[in-house]
Amino acid sequence: MMLITPGGHTMSRFCFLLIWAVFMLVPATAAEPWSGEWKVSWPGGGGFLSLTQEGTDVRGSYRNGRGDIEATAQGAEINGEFIHDGLKEHFHATLGSGQNSFSGYTSGGEWLSGLRLSADETPGKQLIADLRAPRATMRSFLDAGNRAREGEPQALAVAVDAIDFGQATNWPTLSAKFAAAEQLFGVVDLATFSLALIPERAATPRIAVSLPRLDAAPAVELGMARDADGAWRIIMPDAQSLAAMAGAVAARPADAFRQLQSPRDTLRSFLEGMALWDRGGEQEALSALDLTGVPEVLKQQHGRLMAHYLVRMIDMVGRMPLQSVPNSGLSREPFVYFEHPAGKIVIEPLGTDADTRWKFSAQTLQDLRRLFSAVQVLPEVHMLDPKLIPPSAMFAIRDQVKAYAPALLADIAGRGPVEYWQLLATMLLLSVIAAVAFTVKRIAFWVLERQALKRHVSNPTLLAWAIGIGFAVLTATQIVPWLGLPVSSRQYTLPFQGSLFMLIVAYAVWQVIGIISSVLEVYTDRSETAIDNILLTFMRGVLRLALIAGTGLALGHFWSVPTTGILAGLGIGGLAVAFASKETLANLFGAGILLGDRPFRKGDRIIAGDVNGWVEAVGLRSTRIRTLYDSLLVVPNSKLADTTINNLGARRRRTLTTSFLVTSGSTPEKLEAFTRAIFSRISEDPFFDRRSEVNINGITADGIQIEISTSLNTRRGFESRTATHRLYLDILQMAEAEGLTLGRGMEKNPVYVL
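Here the structure is a predicted model, which is why all the values come from computation and not from measurement. (Residues numbered from 1 in each chain as written. Predicted model: local features only at pLDDT ≥ 70, side-chain atom pairs only at ≥ 80, totals over all residues. Heavy atoms only, no water.)

With that settled, the discussion passes to the confidence of the model for the protein chain. On average, the protein chain scores 80 in pLDDT, and the residues at 70 or more come to 82%. Here helix 1 (residues 8–24) stands out as the element of the protein chain with the lowest mean pLDDT, 43, in contrast to strand 15 (residues 357–360), whose mean of 95 is the highest. Below a pLDDT of 50 lies the segment residues 1–29, which in the model reaches one contact outside its immediate sequence neighbourhood of four places, other chains included. This model gives residues 745–754 a pLDDT under 50, and the stretch forms 23 contacts once residues within four places in sequence are excluded. (pLDDT = per-residue confidence, 0-100. Helix = DSSP H or I, 4+ residues; strand = E, 2+ residues; numbered from the N terminus. Contact = heavy atoms within 4.5 Å.)

Membership of the largest hydrophobic core comes to 58 residues, with the highest contact counts inside it found for Trp-34, Phe-141, Leu-184 and Leu-211. Top element by residues in this core is helix 4 (residues 174–188). It accounts for eight residues. When neighbours within four sequence positions are excluded, Trp-34 is seen to be in contact with Leu-51, Gln-53, Val-58, Ala-73, Gly-75, Ala-76, Glu-77, Ile-78, Ala-93, Thr-94, Leu-95 and Phe-102. Val-297, Leu-322, Val-325 and Phe-395 belong to the second-largest nonpolar core, a separate cluster that totals 46 residues. (Core = buried A, V, L, I, M, F, W, Y, C linked by side-chain atoms within 4.5 Å. Buried < 20%, exposed > 50% of the residue type's maximum accessible area, 1.4 Å probe, protein only.)

With the exception of glycine, most residues fall at negative phi, and the peptide bonds are largely trans. Of note, Gln-99 is a non-glycine position whose phi angle comes to about 60°, a positive value. Overall, Gln-99 belongs to the partly exposed group, its relative accessible area being 24%. Of note, the phi angle at Asp-630 is positive, near 70°, even though the residue is not glycine. By the secondary structure assignment, Asp-630 is in the loop between strand 18 (622–627) and strand 19 (632–636).

Turning our eyes to something else, we now look at the environment of Glu-672. Looking at the element boundaries, Glu-672 is found in helix 19 (residues 668–684). Accessibility expressed as a relative area gives 39% for Glu-672, which makes it partly exposed. Remark: the alpha-carbon pair of Glu-672 and Asn-695, spanning 23 residues in sequence, is separated by 9.4 Å.

This paragraph deals with the pairing of strand 4 (residues 68–74). Side chains Ile-69, Ala-71 and Ala-73 of strand 4 all project onto a buried face; the interleaved residues Asp-68, Glu-70, Thr-72 and Gln-74 project onto a face where none is buried. Strand direction decides the pairing type here: strand 4 and strand 5 (residues 77–84), joined by seven bridges, are antiparallel. Opposite Asp-68, over in strand 5, you have Ile-83 as the bridge partner. The antiparallel pairing of strand 4 with strand 5 creates a hairpin that spans two residues between the two strands, and Gly-75 there sits at a positive phi of about 65°. (Pairing = 2+ DSSP bridges.)

In this model, helix 20 (residues 717–738) (22 residues) spans 32 Å end to end at C-alpha, consistent with the 32 Å of a helix rising 1.5 Å per residue. Along helix 20, the positions that sit buried rather than exposed are Gly-717, Ser-720, Ala-723, Thr-724, Leu-727, Ile-731, Met-734 and Ala-735. Seen from one end, helix 20 has its buried residues packed into an arc of 125°, which puts them on one side. Away from the buried face of helix 20 by more than 90 degrees, exposed residues Phe-718, Arg-721, Arg-726, Gln-733, Glu-736 and Ala-737 are located. Just downstream of helix 20 lies Gly-739, where phi reads positive at about 75°. (Expected span 1.5 Å × (residues − 1). Arc of directions from axis to C-beta.)

What follows is about the packing of aromatic side chains. The full count for this structure, using the stated rule, is ten aromatic pairs. Centre to centre, the rings of Phe-372 and Phe-395 are 5.6 Å apart; their planes meet at 70°, and the pair counts as edge-to-face. One end of the pair, Phe-372, is in helix 9 (residues 362–375); the other, Phe-395, is in helix 10 (residues 393–404), and 23 residues separate them in sequence. Taken as a pair, Phe-372 and Phe-395 share a single burial class, namely buried. Three or more aromatic residues joined by ring pairs form one cluster here, namely Trp-34, Trp-38 and Phe-102. (Phe/Tyr/Trp six-rings, centres within 6.5 Å; stacked < 30°, edge-to-face > 60°.)

Overall, the coordinates contain 22 salt bridges when judged by the stated rule. The shortest N-O distance in the salt bridge between Glu-152 and Arg-147 comes to 3.0 Å. According to the relative accessible area criterion, Glu-152 is buried, its value standing at 13%. The buried category is assigned to Arg-147, whose relative accessible area is 6%. A salt bridge links Arg-149 to Asp-189; its shortest N-O distance comes to 2.7 Å. Taken together, the positions of Arg-149 in helix 2 (residues 134–149) and Asp-189 in the loop between helix 4 and strand 10 (206–211) put the pair 40 residues apart, joining distant regions of the chain. Classification of Arg-149 as partly exposed rests on a relative accessible area of 29%. Taken together, the shared-partner salt bridges connect Arg-147, Glu-152, Asp-385 and Lys-387 into one network. (Salt bridge = Lys/Arg side-chain N within 4 Å of Asp/Glu carboxyl O.)

Written as structure tokens, this is what we have:
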């Protein structure tokens, strides 16, 4: 049934347009979801596929190898075949929910996965096989094998494409061919040879290639053949010959190259570290550099800068195949990777025997800046994969200078390897440091002058300057590496700058510790907390002692004194110091005992031997006590810890015992009423204990003696004296009311308020 309403035709047209718009907004890829560029992986191999879907038919090919795809798609699922040199292998795959990935399996039971490439993700040019000549084929094979070993299994498709498998049945599946290609690369990797050994051109369709090895093993013998299309490929040896040649491959662990036992190990470890720079590879890359001549405080920073220079140098002059670099360290002859009148890139051995490590030489690192500037006039090659060149703030700034002010890239004549832009940036940075220091100083001074903090700060102006300078220098330390200044210009200035910075920071932290301690002391005085003044005083001493030790270690770091040496010296010297200052150590342990037992708090009156007074502070070595004569007594902690301490401030109540004489006007009835009135007065006062006694304890010629024995429910002396004062006034009034006279003999009687 249709509902007709005024304007119904308009409503119908609107609904139709809405439905049509919804269908039109569906992504175009939804109709042909398999079309596009894909990066595919499977066990031991992978490749880049270019797929085109028309209806249910899907066709495609390898972008980096010979082979085709024929398949049929049904929505998100696809069934088809990989076709390679007459071999066919069935596969099944299913698209993910976002249509940017798929997973599946082959007829051989192996997993299969794929990831769609975005518009700006295309396979590198080194992944395209160049089979036009024997040398180009060998380079393509080596590049593919090296990249596959570095974690790109898709590159093996190029290696497979560079191999002539013939008509043999040893590799009946595509996976078997990938495994064979990997095995053949492992054999070739045992050799050390220059690509110049491989002919650029050949007059015959088949040639033999002998790849020498640096060890005593026979050379790797291979054949290469040209097919009917003119493409040159490496002839795959039969399975038995391949297995015989590959026998030595498993003798070395896969990660043994990180031990830097040969020039090839060093180059491979360095490039792997650069590729994984932000994922833990930095230290691996720096381990390949000889930084022994660099001050300890600058090693990490200078090493990072040199690593960035070196990888960009390799990118500019061209990456040498790893197989052209010696893979044996038996010869101690340095390996020259690149040579130019401005300098060399050399890998040389360091150490002796089993401790030998091959590294890029210290002279190489020293020449890198000059060498980098010299080769910039050469045509840019850019042979490295971009992933091997991590971003660098310094080079980003330098690239901008090169684009807009190339004249500033020139070195300052006679001033070492410093470029003009670095000098200008340094001057600008000094201005920024001064401005930051002044601004932070003003802010800090404003905060320290607040009423809540002012009384806790001894010198707010000096502390504000320390905070401002410290913050400015800390900011500068984060920016200075961006300038790329050479180690020669910082190895002398940095220790002084660092020492000054540490002393300023130490002063600021020292004062801050005091401020925090002072604020907490006020808080603990106002509230009942587990943190008392003694604990605060002790912790303040411990923190300041730790600050002194930390500052000493930091100063040692800036002056390139090994921390282990300082600690070892302290350990040895500490024994001598311990014997020479056993009393000081005893006082330190005494402070710990007093802190653990808590026999008193700040303000408590204590009696310990001949010590009698009020506790003011407990330090690491001694305790300060204000005596009854208002003098300051400094008592070693060890003495207090070994002495019986009577803490009068820890009493739950104070005892009052006093007596006085009734000299005239007394009768038994009046005395009974008088003593009962005193007892009632004491019992009703909350400051006094109900268990009090008021008795006649003597009759003398001077009068009748009345004694009062009670206690006050307070720990505070002020409250005790006030309550006693009021009690005496009330007693005088009660005596006057009863017509009794209190004699002067009362003055001779003792009054105890303990």
